[in-house]
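Chains, contacts and geometry: an overview
So the chains spell out like this:
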Amino acid sequence: MDQGRMWSQILLNALIAGSTYSLVGIGFSLIFSPARFFHMAHGGIITVAGYLVYAMAVLFKLNHSLSIFIALFLAAILGSVMELLVFRRLRQQKGSGTIQLIASLGILVVLQNLISLVFGDDVMVLNPGVVKEGLQIGAARITDVQLGIVLTNIVVFLLISFLLHRTKIGWMIRAVTDDAELAQIFGISVELVILLAFFIGSAIAGIAGILIAYDIGLTPLLGFQALFMGVVAAISGGITSPTGTMLAGLLLGIIMQISAWLLPTQWQEAIAFTILLLFLLLRPQGLLGKPLRSKKV
Amino acid sequence: MVGYLVFLTISAGLFAIFALGLNLQWGFTGLINFGHVAFMTVGAYTTVLLSSVGVPLIIAVILGGAIASVLGLAIGLSTLRLREDYLAIVTIGVSELIRLIALNEEWLTRGAFGVQRFPLPLGNYEPGLMGKIIIIGLLTLVGIFALTQLWLGLKNQWREATNIKGKSYQPKKPISIVIWGTIGFALIMTIYINGCIALSNYNYKAGLMLLVLLTLALIYWGLELLVKSPWGRVLKAIREDEEIPRALGKNVFWYKLQAFMLGGAIAGIAGAFYAWQLTTVFPSNFEPLVTFNAWTMVVLGGAGSNAGSLLGVIIFWAYDALTRFYLPRLGWFDSSQLGAFRIMVIGLILMILMVWRPQGILGKKEELTLGK
């Protein structure tokens, strides 16, 4: 393979990988912004959505687009149910972010093992039919699922930006993000805003999970691995900023792909982690973030 | 049966050491360490690799703990100044990174093949009559220590139950204290008598059991002294609200760092025992699940209480042994499903605990980091 072709393929792969990181990160940061805790079970929703599509489309032979639609809806419902049953209760008991984080970890473990109980630990393939040649873009190749990932990421990013900056709901979410108590005083229902954030954020997690499932297949650990990269993207982008998350996700994709070419592949995770550490050391508020107030004064 | 109980005692003992380290970090200082297994990995590999090139075991273990605490220093310096949940994600990352290093740096750790045939403590020890009397005497000392601790703990509980100040105390029924006491006494006696039988027919595992129990008793004693000292009170104050000790002129960051490093060192020592119990060390022994189990033990027993952590460990291993034994008989699941099911139940317990009783069994509600 000649130099130019290789580099265009690397960049294209970086775009694809970066888009998945950014999708996961945007959903994560949308929930983190008003709820203010690390929602680990987000990873569980990613996995569950993928397996739901598998169950419906492959096991019950439903139409693929119908299954995707139902799975997305169920993912959003699942996230909202978590908020209603667990996190809302914890907030009412004045549970700190750390308590919610541990509860969320518990949910992640439950979902992950429930999946492995029902479907087993083997890799499941969702993509129907033979492997397609893929589209030719310049000198590089991309499959239609991968193209879908890139386009979906752009669409989701635009929709969320629109939602946050041009609608009443987004205005409320941003108000709660800035200062929940003040927002409450101004008559915004904080509980409702957080529920909405969980609903939308979990739907985005569902989208990410389904796309990853179509692209590389399903394992029970899928969501956890995706979540880690998404969190790295969200933190290094400035955790409450979707634009920053997307930029950081794409940047992360580029760095990971280039390093995958330079270094043995088993070090990929280590590289992501090094980037995270560098950001935390040098620019803890992330690319586009404002410094977070760690505590109410 | 004796052999199996010895195995359970070693496992519970080394996990108790491990959980005590986590309890110092999370229970007393409020640091979320989701990568506790990283310290264990470092401790285990350091001990095993050093001792197999001829370093005396005791020095190897101390170095293992020291290097684990240096890892704590590195993590702490970079993250302890930030929001507390950033520590969670960084420690997850570190534990994966350490496991990757163990898996891939074959020149150092022999990778997936694992480290085999390393020196074991008291590996070739064959006690005569005098030796046996000494080791059983040591076990008796540990047993007496455990009984006094149980007695003191129960006496405290009794005083609280009969002496209700204000309305915030939930009155405990004295009868439950008697039941707990009986269970605790029976448990200690079972372990003690079983230990004596095992030690009199001495084999390697019995010796290891004695070492684990001795170390556990020492660490427990040390930690109890520490957390009741002024140093420990500062840690608790940091957990409650770090602005207050800061206003009183305490260097909060430095205290957090000390707690994090000390907890890491304790986990490193637990790692050495883990390696000696396994007798072959593979990277796959140090999965994130180990951290998760330790969290369950600490949270279940009651964060911020050393005795609670021990209780959590005992309940966890009882659960582990019982489900390992009885669940297959039901015939609901095949073996891989069984593992998933057992972990799922633990996750469920952790979630329900957080909602219904975040202070755990022995924790105090008014001592928990709730309002922030």
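Here we summarise the structure given alongside this text. Remember, predicted model here, so these are calculated numbers, not experimental data.

**Topic: helix α9 (residues 222-237) of chain A**
All names here are of chain A.
- The terminal C-alpha atoms of α9, which comprises 16 residues, lie 22 Å apart, in line with the 22 Å expected from a rise of 1.5 Å per residue.
- The element α9 is largely enclosed, with a buried count of 15 among its 16 residues.
- Backbone geometry just after α9 places Gly-238 at a positive phi near 100°.

**Structural notes on the packing of aromatic side chains**
- This structure, assessed with the given rule, holds 23 aromatic pairs over all chains.
- Look at Phe-32 of chain A and Phe-38 of chain A: their rings are 5.5 Å apart centre to centre, the planes differ by 80°, and that puts the pair in the edge-to-face class. Taken individually, Phe-32 of chain A and Phe-38 of chain A each receive the classification buried, so the pair is uniform in this respect.
- Plain terms: the ring middles of Phe-15 of chain B and Trp-317 of chain B are 5.6 Å apart, the flat faces sit at 55° to each other, and that makes the pair tilted. With a gap of 302 residues between them, Phe-15 of chain B in helix α1 (residues 2-28) and Trp-317 of chain B in helix α13 (residues 306-330) connect regions that are remote in the sequence. Each member of the pair, Phe-15 of chain B together with Trp-317 of chain B, is buried.
- Within the aromatic cluster, the residues linked to one another by ring pairs are Phe-15, Phe-18, Tyr-45, Tyr-274, Phe-286, Phe-316 and Trp-317 of chain B.

**Here we look at the packing of helix α7 (residues 174-200) of chain B against helix α8 (residues 204-228) of chain B**
Residues and elements named next belong to chain B.
- Between α7 and α8, the shortest axis-to-axis distance is 9 Å and the interhelical angle comes to 140°. As far as their axial angle goes, α8 and α7 are oblique. Here α7 and α8 pass one another in a crossing that is left-handed. Here Ile-191, Gly-195, Ala-198 and Leu-199 of α7 come into contact with α8, specifically with Ala-206, Gly-207, Met-209, Leu-210 and Leu-213.
- Considered class by class, the residues forming the contact of α7 with α8 number seven nonpolar, two polar and no charged.

**Some details on unusual backbone geometry**
Residue and element names in this part refer to chain A.
- At Lys-61, a residue that is not glycine, the phi angle is positive and equals roughly 55°.
- Within the secondary structure, Lys-61 sits in the loop between α2 (42-59) and α3 (64-92).
- Given a relative accessible area of 67%, Lys-61 falls into the exposed group.

**What to know about the interface of chain B and chain A**
- Contact residues are listed per partner, giving 45 residues for chain B and 45 residues for chain A.
- Carbon and sulfur atoms make up 77% of the surface buried where chain B meets chain A, a total of about 4200 Å² over both sides.
- Contact with chain A buries area across many residues of chain B, yet Arg-83, Tyr-86 and Ile-89 of chain B alone supply 16% of it, more than any other trio.
- There are zero salt bridges connecting chain B and chain A.
- Put simply, the parts of the chain that give the side of chain B that touches chain A at least two residues each are α3 (57-79), α4 (84-104), α12 (288-301) and α14 (335-356) of chain B.
- For the side of chain B that touches chain A, the residue count by class is 29 nonpolar, eight polar and eight charged.

**Side note on α2 of chain A**
Residues and elements named next belong to chain A.
- Over its 18 residues, α2 extends 25 Å from the first C-alpha to the last, a length consistent with the 26 Å expected when each residue adds 1.5 Å.
- For α2, the buried fraction is high: 15 of the 18 residues fall into the buried class.
- Positive backbone phi, at 55°, marks Lys-61, one or two positions downstream of α2.

**Topic: the environment of Gly-207 of chain B**
Residues and elements named next belong to chain B.
- In this fold, Gly-207 is placed in helix α8.
- Between the C-alpha atom of Gly-207 and that of Val-6, which follows or precedes it by 201 residues, the distance is 9.9 Å.
- Excluding residues within four positions of it along the chain, Gly-207 makes contact with Leu-122, Leu-199 and Tyr-202.

**Some thoughts on the side chain of Thr-91 of chain B**
Residue and element names in this part refer to chain B.
- Along the chain, Thr-91 turns up in helix α4.
- Side-chain polar atoms of Thr-91 contact the backbone oxygen of Ala-88, separated by 2.8 Å.
- Residue contacts for Thr-91: discarding those within four places in its chain leaves Ile-32, Asn-33, Phe-34, Gly-35, Ile-75 and Phe-260.

**A closer look at the side chain of Arg-91 of chain A**
Residue and element names in this part refer to chain A.
- Counting through the fold element by element, Arg-91 comes out in helix α3.
- Overall, Arg-91 belongs to the buried group, its relative accessible area being 19%.
- Side-chain polar atoms of Arg-91 contact the side chain of Glu-83, separated by 2.8 Å.

**Considering the nonpolar core**
- One finds Phe-38, Phe-87, Ile-160 and Ile-235 of chain A together with Phe-34 of chain B to be the most contacted residues of the largest nonpolar core, which totals 200 residues.
- Filtering out sequence-adjacent residues up to four positions away, Phe-38 of chain A remains in contact with Phe-28, Phe-32, Leu-101, Ser-104, Val-231, Ile-235 and Ile-239 of chain A together with Asp-85, Tyr-86 and Ile-89 of chain B.

**Re empty space enclosed by the protein**
- Following the criterion strictly, the structure yields two cavities of 30 Å³ or more and no others.
- Reported here for the second largest cavity is a volume of approximately 30 Å³.
- In terms of lining residues, the second largest cavity is bounded by Met-40, Phe-224, Leu-227 and Phe-228 of chain A together with Ile-89 and Ile-92 of chain B.
- Mapped by element, the contributors of at least two residues to the lining of the second largest cavity are α9 of chain A together with α4 of chain B.

**Brief notes about the pattern of salt bridges**
- Under the criterion given, the structure shown has 13 salt bridges over all chains.
- Between Glu-191 of chain A and Arg-88 of chain A there is a salt bridge whose closest N-O contact spans 3.2 Å. Of this pair, Glu-191 of chain A sits in helix α8 (residues 190-216) while Arg-88 of chain A sits in helix α3, and the two are 103 residues apart along the sequence.
- Put simply, Arg-324 of chain B and Asp-320 of chain B hold a salt bridge, and the shortest N to O gap is 3.1 Å. Here Arg-324 of chain B and its partner Asp-320 of chain B are both found in helix α13, four residues apart, which amounts to about one turn of the helix.
- Residue classification places Arg-324 of chain B among the partly exposed positions, given a relative accessible area of 48%.
- Given a relative accessible area of 9%, Asp-320 of chain B falls into the buried group.
- Here the residues in one salt-bridge network are Glu-83, Arg-88, Arg-91 and Glu-191 of chain A, joined through shared partners.

Cut-offs used in this document
- Residues numbered from 1 in each chain as written.
- Chains lettered and ligands numbered in written order.
- Predicted model: local features only at pLDDT ≥ 70, side-chain atom pairs only at ≥ 80, totals over all residues.
- Heavy atoms only, no water.
- Helix = DSSP H or I, 4+ residues; strand = E, 2+ residues; numbered from the N terminus.
- Expected span 1.5 Å × (residues − 1).
- Buried < 20%, exposed > 50% of the residue type's maximum accessible area, 1.4 Å probe, protein only.
- Phe/Tyr/Trp six-rings, centres within 6.5 Å; stacked < 30°, edge-to-face > 60°.
- Axes fitted to C-alpha atoms, helices over the stretch in contact; angles between N-to-C directions.
- Parallel < 35°, antiparallel > 145°, perpendicular 65-115°, else oblique.
- Left-handed = near helix turned anticlockwise from the far one by under 90°.
- Contact = heavy atoms within 4.5 Å.
- Nonpolar A, V, L, I, M, F, W, Y, C, P; charged D, E, K, R; others polar.
- Buried area = accessible area lost by both parts, 1.4 Å probe.
- Salt bridge = Lys/Arg side-chain N within 4 Å of Asp/Glu carboxyl O.
- Polar contact = N/O pair within 3.5 Å; in protein donor to acceptor, adjacent residues only side chain to side chain.
- Core = buried A, V, L, I, M, F, W, Y, C linked by side-chain atoms within 4.5 Å.
- 1 Å grid on protein atoms, 1.4 Å probe; cavity = no way out; pocket = protein on both sides within 12 Å on 5 of 7 lines; lining within 4 Å.
- Points joined across faces, edges and corners; volume = space filled by probe spheres on them.

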